[in-house]
Amino acid sequence: MFELEKIIRPNIKSLKPYASARDEFSGSQGIFLDANENPYGQYNRYPDPHQKDLKSKISQLKNIDQNQIFLGNGSDEVIDLCFRVFCEPGVSKVLSFNPTYGMYEVSAAINNIEMISLKLNSDFQIDFDQLSVYLSDADLKMIFICSPNNPTGNIINAQVIEKILKSFDGLVIIDEAYIDFSESNSWIEQLSEFPNLIITQTFSKAWGMAGARVGMAFANEEIISYLNKVKPPYNISSANQELILKGLTNTIKSSQSIQILIKERNRLMDELALIPDVEKVYPSDANFVLIKVKDANTVYKQLLDQKIIVRNRNSVLEGCLRITVGAPTENTKLINELKKL
């Protein structure tokens, strides 16, 4: 049975978090002489450390309580904080499924945590029988599942994820960076059912605000409270909070861009499948398409010569290139160049 207190690092339990000037006084009116700020300048005041206005908007958008929302400097900060809160360096272990997003492994290495890496099956799905032998390991604290997965683009089987959540006494972190491009529902709807579930999302993909570097985590209030306890006091700048808030006022524009990208993704998949040198086009629920070609390194270089930059994933998936769905004219140029090769 999952018990959060059992996987919190003892030093984090006893940690007294930093109290900023904006924690001691949170009003907006007055003469501010408490935070050693410069009285002059456009962004001279420290940002709201709790991002109250932004969380309120996200709460309405995602239909979730504000106390179940954590905001990070990109999802990468959320991932790193999970290691720092729940994993003991040199002792704990985490698990992920390859090929997948590389920052799980990088964060594990930075935090001196052993990473168990299991291979996805031929359909890029989790083999539960292969995983089950690890679930009883008391040192295994977290399992990372990217769905839709990067770089393969597919949704991970929901029944398998549910089985993992019910069988594992540690935390399951589902990375939903690309969920807005999928017809599958977010796991946010299941939060009340699974106390060991953390979901991460981002404003970098569907919302088109990668430069703002704002990621989200959704979990029960107790988990969120520990993330807040450890985070830097002003981890989201005022400028980025304002930028995201402004973007969230135009959900129609975001929805339209998502629909365009989905339509273009499907067009790309159909067109690429007709090109002789493309051996396989993998199904995608994301804003990218994974293809297998006869010679990935050569094709990558030839596209680069035409100033078309795709991602060469030959090192993790032999012969594979990951192609981000661009604007219609960009996608057409890519298709035409591939036809010439």
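This one's a predicted model, so the numbers in the text were calculated from it and none came from an experiment.

Caption draft 1: Inspection of the sheet that holds strand E2 (residues 93–98) at higher detail. Within the open sheet, the seven strands sit side by side as E1-E7-E6-E5-E4-E2-E3. Their pairing is mixed. Whereas interior strands pair on both sides, the edge strands pair on one side only; in this sheet they are strand E1 (69–72) and strand E3 (114–119). Neighbour to neighbour, the strand axes of the sheet diverge by 25° on average, direction disregarded. Summarising the sheet, E2 and E3 pair through six bridges and their orientation is parallel. Directly across from Lys93, in E3, lies its bridge partner Glu114. With respect to the sheet, helix H4 (residues 52–62) is in contact with E1, strand E6 (197–202) and strand E7 (215–218), its orientation differing from that of E1 by roughly 125°. Running over the sheet, helix H5 (residues 75–86) touches E1, E2, strand E4 (140–146), strand E5 (171–175), E6 and E7 and is turned about 165° from E4.

Caption draft 2: Expanded view of the layout of surface pockets. Here the largest pocket defines a volume of roughly 470 Å³. At the level of secondary structure, the elements contributing two or more residues to the lining of the largest pocket comprise H4 and helix H10 (238–248). Ranked by residues supplied to the lining of the largest pocket, first place goes to H10 with four residues. Here the lining of the largest pocket is composed, by residue class, of seven nonpolar, seven polar and six charged. Computed from the structure, the second largest pocket encloses a volume of approximately 400 Å³. If you list the elements that add at least two residues to the lining of the second largest pocket, you get H5 and strand E11 (320–324). Its residues assigned to classes, the lining of the second largest pocket shows six nonpolar, eight polar and seven charged.

Caption draft 3: Representation of the pairing of E4. The buried fraction of E4 is high, at seven of seven residues. Sheet topology note: the E2/E4 ladder contains three bridges and is parallel. The partner of Leu95 across the bridge, within E4, is Ile143. As paired strands, E4 and E5 are joined by five bridges and run parallel to one another. Directly across from Phe144, in E5, lies its bridge partner Ile173. The parallel pair E4 and E5 is bridged by helix H8 (residues 158–167), and the resulting crossover is right-handed.

Caption draft 4: Quick peek at the sheet that holds strand E8 (residues 278–281). Across the sheet, which stays open at both edges, the four strands sit in the order E8-E9-E11-E10 with antiparallel pairing between neighbours. A single partner strand is all that each edge strand has here, and the edge strands are E8 and strand E10 (311–312). Here five bridges tie strand E9 (residues 288–293) to E11, and the two strands are oriented antiparallel to one another. From the neighbouring strand, Leu290 faces E11, where its bridge partner is Arg322. The strands touched by helix H11 (residues 251–272) within the sheet are E8, E9 and E11, with E9 carrying the most contacts at an inclination of about 10°.

Caption draft 5: A look at the environment of Leu131. Residue placement: Leu131 occurs in helix H7 (residues 128–132). The buried category is assigned to Leu131, whose relative accessible area is 0%. With 22 residues separating them in the primary sequence, Leu131 and Ala109 have C-alpha atoms 21 Å apart. Contact partners of Leu131, with chain neighbours within four places excluded, come to Leu95, Phe97, Leu118, Ile143 and Ile164.

Caption draft 6: Up close: the packing of H11 against helix H13 (residues 328–340). Orientation of H11 relative to H13, taken along the N-to-C sense of each, is 10°, at an axis distance of 11 Å. As far as their axial angle goes, H13 and H11 are roughly parallel. Contacts between H11 and H13 involve Glu264, Arg267, Leu268, Glu271 and Leu272 from the former and Pro328, Asn331, Thr332, Leu334, Ile335, Leu338 and Lys339 from the latter. Residue composition of the contact of H11 with H13, grouped by class: six nonpolar, two polar and four charged.

Caption draft 7: Quick look at unusual backbone geometry. Between Asn98 and the following residue, Pro99, the backbone shows a cis peptide bond with an omega angle of 0°. Considering the arrangement of structural elements, one finds Pro99 in the loop between E2 and helix H6 (103–110). For the peptide bond that leads from Ser147 to Pro148, omega is 0°, which places it in the cis range. Within the fold, Pro148 resides in the loop between E4 and H8. One non-glycine residue, Gln51, lies in positive phi territory at about 50°. Within the secondary structure, Gln51 sits in the loop between helix H3 (21–24) and H4. Of note in the backbone geometry, Lys307 takes a positive phi value of approximately 60° without being a glycine.

What counts as what
- Residue indices follow the written sequence of each chain, beginning from 1 at its first position.
- Local features are withheld for residues below a pLDDT of 70 in this predicted model, meaning they are given only at 70 or higher, and side-chain atom pairs are given and counted only at 80 or more; totals for whole chains, interfaces and linings count all residues.
- Here the side-chain values reflect all heavy atoms present in the structure, with hydrogen atoms and water set aside.
- When DSSP finds two or more bridges between two strands, those strands count as paired.
- Think of it this way: any DSSP run of H or I at least four residues long counts as a helix, any run of E at least two long counts as a strand, and we number them from the N terminus.
- Angles run from 0 to 180 degrees between N-to-C directions of axes, and those axes are lines fitted to C-alpha atoms, restricted for helices to the stretch in contact.
- In this analysis, two residues are considered to be in contact whenever any of their non-hydrogen atoms come within 4.5 Å of each other.
- Only protein atoms enter the 1 Å grid used here, on which a cavity is any set of points holding a 1.4 Å probe that cannot leave and a pocket is any open set flanked by protein within 12 Å on both sides along at least five of seven lines; residues with an atom within 4 Å of a point are listed as lining.
- Grid points are joined across faces, edges and corners, and a volume is the space filled by probe spheres set on the points.
- Side-chain classes are defined by residue name, with Ala, Val, Leu, Ile, Met, Phe, Trp, Tyr, Cys and Pro counting as nonpolar, Asp, Glu, Lys and Arg as charged, and the others, Gly among them, as polar.
- For every residue, the accessible area (1.4 Å probe, protein chains only) is compared with the maximum for its type, and the residue is labelled buried under 20%, exposed over 50%, or partly exposed between those bounds.
- Think of it like this: strands point away, you trace from the first strand over the helix to the second, and a clockwise trace means the crossover is right-handed.
- Our angle categories are set so that under 35 degrees counts as roughly parallel, over 145 as roughly antiparallel, 65 to 115 as roughly perpendicular, and the remainder as oblique.

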